[in-house]
Amino acid sequence: MPTNTFAPSPLFSSFEHRRVLKKGDHAIVVGAGAFGGWTALYLLRSEIKVTLIDAWGSGNSRSSSGDETRVIRSTYGANEFYFDLNVRALQLWKEHEKLWNRQVFFNTGVLWLCHHEKCSIVDESIPFSKKHKMEYEYVSRADLAKRYDVVNSNDLHHGYFDPYGGYLKARESTQLVQETFVKEGGTYVNAMVSPADKLSADTIIYACGSWLGKMFPAEIGERITCSKQEVYYFGVPADHAKKFDSFPVWVDADDKDHYYGIPGNAWRGFKVGVDRRGKVFDPTNGERILEPEVLAHARGFLAHRFPGLKDAPLVESRVCPYENSPDGNFIFEQSKSDRRVWFLGGGSGHGFKHGPALGELIAKTLVQ
Ligand SMILES: Cc1cc2nc3c(=O)[nH]c(=O)nc-3n(C[C@H](O)[C@H](O)[C@H](O)COP(=O)(O)OP(=O)(O)OC[C@H]3O[C@@H](n4cnc5c(N)ncnc54)[C@H](O)[C@@H]3O)c2cc1C
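Residues numbered from 1 in each chain as written. Predicted model: local features only at pLDDT ≥ 70, side-chain atom pairs only at ≥ 80, totals over all residues. Heavy atoms only, no water.

Undergrad: Break down the pattern of salt bridges for me, citing the residues and quoting the values.
TA: On inspection of all chains with the given rule, the structure shows 24 salt bridges. The partner of Lys 22 in a salt bridge is Asp 25, with the nearest N and O atoms 3.4 Å apart. Since its relative accessible area comes to 11%, Asp 25 is described here as buried. Ionic contacts of the salt-bridge type, sharing partners, join the residues Asp 67, Arg 70, Lys 271 and Arg 318 into one network. (Salt bridge = Lys/Arg side-chain N within 4 Å of Asp/Glu carboxyl O. Buried < 20%, exposed > 50% of the residue type's maximum accessible area, 1.4 Å probe, protein only.)

Here's what the structure looks like:
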């Protein structure tokens, strides 16, 4: 979940209204991850006939959306577009929880651990948090030590607590979106699509995550690259389980590694991720085996920041692909060679939370 800040990009001009679809038209969405699944659902709700296709199923283990949990937070530095998109996403996640009668959003709050007096990713979002009446709470170093005694705060300057964020159940909600899509009248097909396939529809949206660059080398190519990212689930000590499990989602805003974690993590262990880009990865054939030096580095960090977890055993782990765009912004653009075709991707390690708001925005953009 990248915690770097990035400037708005030409992505935003893609959301100028391009009413290419009218009610009753047929759209195909290839890829049933967070981006494709929600887009298919919102197109369907805009009275478009939609076929959703995925090679291995929504939230499958190769996909970026297939991990257990994902962080949801509005904080994006000075980037108001993503702040606003997340505010809308939060509303939609809550609405869908009611529809599904299932908890997928865990409102633990997000604790930002700031190393210096200035912490641009948080500081620059404060005006937006005030605008939305979603203000953060400043936590001095002394209060950090008092309130969160599992954290070593000696090298921190202060913290900020965002009470509105937390985490989402990722794989489960991705599958719920696909089930809802079918329940509401969409057609789901389990198949591998090749760009050479002659798909017949008024609009075709390729939302193929990490695969997109290789599938469309001329139009996307290196603009979406895939890197190997590791997440670790550590077992907390039995006598302190409650203390660790109830800790908020946290981000170590050190401007370097950007470790972050989801302590509750749907009871699968204290989750730790590192936002540094890993090795280039093949999302189809790459083996999901951890890099010993990346794990060793994470253990070193954990022992320092959460001393009580110094000897915590690794109880589960995952290798997930990041689908990186050059600047971290999402990509949504029309093909130059076939105007029926659109490319959607570049979630760049932070896209999951936005799924419902992005799907809604794309449907509003495309449907008359
Ligand atoms: C380690 C890690 C941590 C992250 N942390 C966060 C976080 O905390 N918060 C957050 O919001 N986001 C986070 N993200 C990012 C987020 O998970 C992704 O941006 C998001 O899931 C991308 O969804 P997607 O639909 O674009 O891709 P995917 O979920 O990968 O879906 C693409 C789908 O396309 C299918 N497909 C591919 N090629 C074909 C084909 N030829 N034919 C048919 N189907 C095909 C695949 O099977 C797959 O299901 C993280 C990502 C990783 C890897």
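Undergrad: A description of the packing of aromatic side chains should follow, citing residues and the corresponding values.
TA: This structure, assessed with the given rule, holds 26 aromatic pairs. With 6.3 Å between their ring centres and 65 degrees between their planes, Tyr 136 and Tyr 160 make a pair best called edge-to-face. Of this pair, Tyr 136 sits in the loop between helix H4 (126–131) and strand E6 (137–140) while Tyr 160 sits in strand E7 (residues 158–162), and the two are 24 residues apart along the sequence. Under the relative-accessibility criterion, Tyr 136 is labelled buried at 13%. (Phe/Tyr/Trp six-rings, centres within 6.5 Å; stacked < 30°, edge-to-face > 60°. Helix = DSSP H or I, 4+ residues; strand = E, 2+ residues; numbered from the N terminus.)

Undergrad: Summarise the site of the ligand; cite the residues concerned and give the values.
TA: Neighbouring residues of the ligand: 37 residues in total, closest Asp 54, Ser 65, Val 71, Val 193 and Lys 353. With respect to the ligand, the side chain of Asp 54 contributes an N or O atom lying 2.6 Å from an oxygen atom. Phe 352 has a polar backbone atom sitting 3.1 Å from an oxygen atom of the ligand. Contact with the protein chains removes 99% of the 1,000 Å² of surface that the ligand exposes when unbound. The set of elements that each furnish at least two residues to the shell around the ligand consists of helix H1 (34–45), strand E3 (69–72), strand E11 (225–234) and strand E15 (314–324). (Near = heavy atom within 4 Å. Polar contact = N/O pair within 3.5 Å; in protein donor to acceptor, adjacent residues only side chain to side chain. Areas by Shrake-Rupley, 256 points an atom, 1.4 Å probe, with all protein chains shown as cover.)

Undergrad: With reference to specific residues and values, describe the sheet that holds strand E17 (residues 341–345).
TA: As summarised here, the arrangement of the six strands in space is E9-E2-E1-E10-E17-E16, forming an open sheet in which the pairing is mixed. Each edge of the open sheet is held by one strand with a lone partner, namely strand E9 (187–190) and strand E16 (331–334). Averaged over all pairs of adjacent strands, the angle between strand axes in this sheet comes to 15 degrees, irrespective of strand direction. With four bridges joining them, strand E1 (residues 26–30) and strand E10 (residues 203–206) adopt parallel strand pairing. Bridge pairing in E10 links Val 30 to Tyr 206. Lying over the sheet, H1 contacts E1, strand E2 (49–54), E10 and E17, oriented at roughly 165 degrees with respect to E2. Relative to the sheet, helix H6 (residues 170–183) contacts E2 and E9, its axis offset from that of E9 by approximately 130 degrees. (Pairing = 2+ DSSP bridges. Axes fitted to C-alpha atoms, helices over the stretch in contact; angles between N-to-C directions. Contact = heavy atoms within 4.5 Å.)

Undergrad: Please give an account of helix H9 (residues 292–305) that cites residues and values.
TA: Spanning 14 residues, H9 covers 20 Å between terminal C-alpha atoms, matching the ideal 20 Å at 1.5 Å per step. Residues Leu 295, Ala 298, Phe 301, Leu 302 and Arg 305 constitute the buried set of H9. Viewed along the axis of H9, the buried residues span an arc of 120 degrees, placing them on a single side of the element. Away from its buried face by more than 90 degrees, H9 exposes Pro 292 and Glu 293. Where the residues of H9 are buried, they touch strand E5 (110–114), E11, strand E12 (249–253), strand E13 (259–262), strand E14 (270–274) and E15. (Expected span 1.5 Å × (residues − 1). Arc of directions from axis to C-beta.)

Undergrad: I'd like a rundown of the pairing of strand E8 (residues 166–169), residues and numbers included.
TA: Where E3 meets E8, four bridges bridge the pair, whose relative direction is antiparallel. Its bridge partner being in E8, Val 71 is matched across the sheet by Tyr 167. Strand direction decides the pairing type here: strand E4 (residues 105–106) and E8, joined by two bridges, are antiparallel. Note that in E8 the partner of Phe 105 across the bridge is Leu 168.

Undergrad: Pulling in residues and values, what's your account of the state of the cysteines?
TA: Inspection of every chain in the model, using the stated rule, returns zero disulfides. Its sulfur unpaired, Cys 208 is 13 Å from the next cysteine sulfur, which belongs to Cys 226. Note on Cys 208: relative accessible area 9%, which makes it buried. Sulfur of Cys 320: no disulfide; nearest cysteine sulfur belongs to Cys 226 and is 10 Å away. (Disulfide = S-S within 2.5 Å.)

Undergrad: Now, about the side chain of His 354: what can you tell me, with residues and values included?
TA: With respect to the helices, strands and loops of the structure, His 354 is situated in the loop between E17 and helix H10 (355–366). A residue is classified by how much of its surface remains accessible, and His 354, at 0% relative accessible area, is buried. Setting aside chain neighbours within four positions, we find His 354 in contact with Tyr 76, Tyr 82, Leu 85, Asn 86, Ala 89 and Phe 330.

Undergrad: Please give an account of unusual backbone geometry that cites residues and values.
TA: A positive phi angle, near 55 degrees, is found at His 258, a position not held by glycine. Within the secondary structure layout, His 258 lies in the loop between E12 and E13. The backbone phi angle of Ser 348 is positive, close to 50 degrees, even though this residue is not glycine. Note that Ser 348 resides in the loop between E17 and H10.

Undergrad: Describe the nonpolar core, naming the residues involved and giving the relevant values.
TA: Within soluble globular proteins, side chains that are nonpolar tend to cluster in buried spots. Within the largest apolar cluster, 67 residues are counted, with the highest numbers of intra-cluster contacts made by Leu 43, Val 50, Trp 93, Trp 112, Val 122, Ile 205 and Leu 344. In terms of residues, this core owes the most to one element, helix H2 (residues 80–100), which gives nine residues. If near-sequence neighbours (up to four positions away) are discounted, Ile 205 is found in contact with Ile 28, Val 29, Val 30, Thr 39, Leu 43, Trp 342, Leu 344, Ile 362 and Leu 366. In terms of nonpolar packing, the next biggest core, distinct from the first, is built from 29 residues, Leu 113, Phe 161, Ala 298 and Phe 301 among them. (Core = buried A, V, L, I, M, F, W, Y, C linked by side-chain atoms within 4.5 Å.)

Interpretation note: all reported values are geometric properties and have no functional meaning in isolation.
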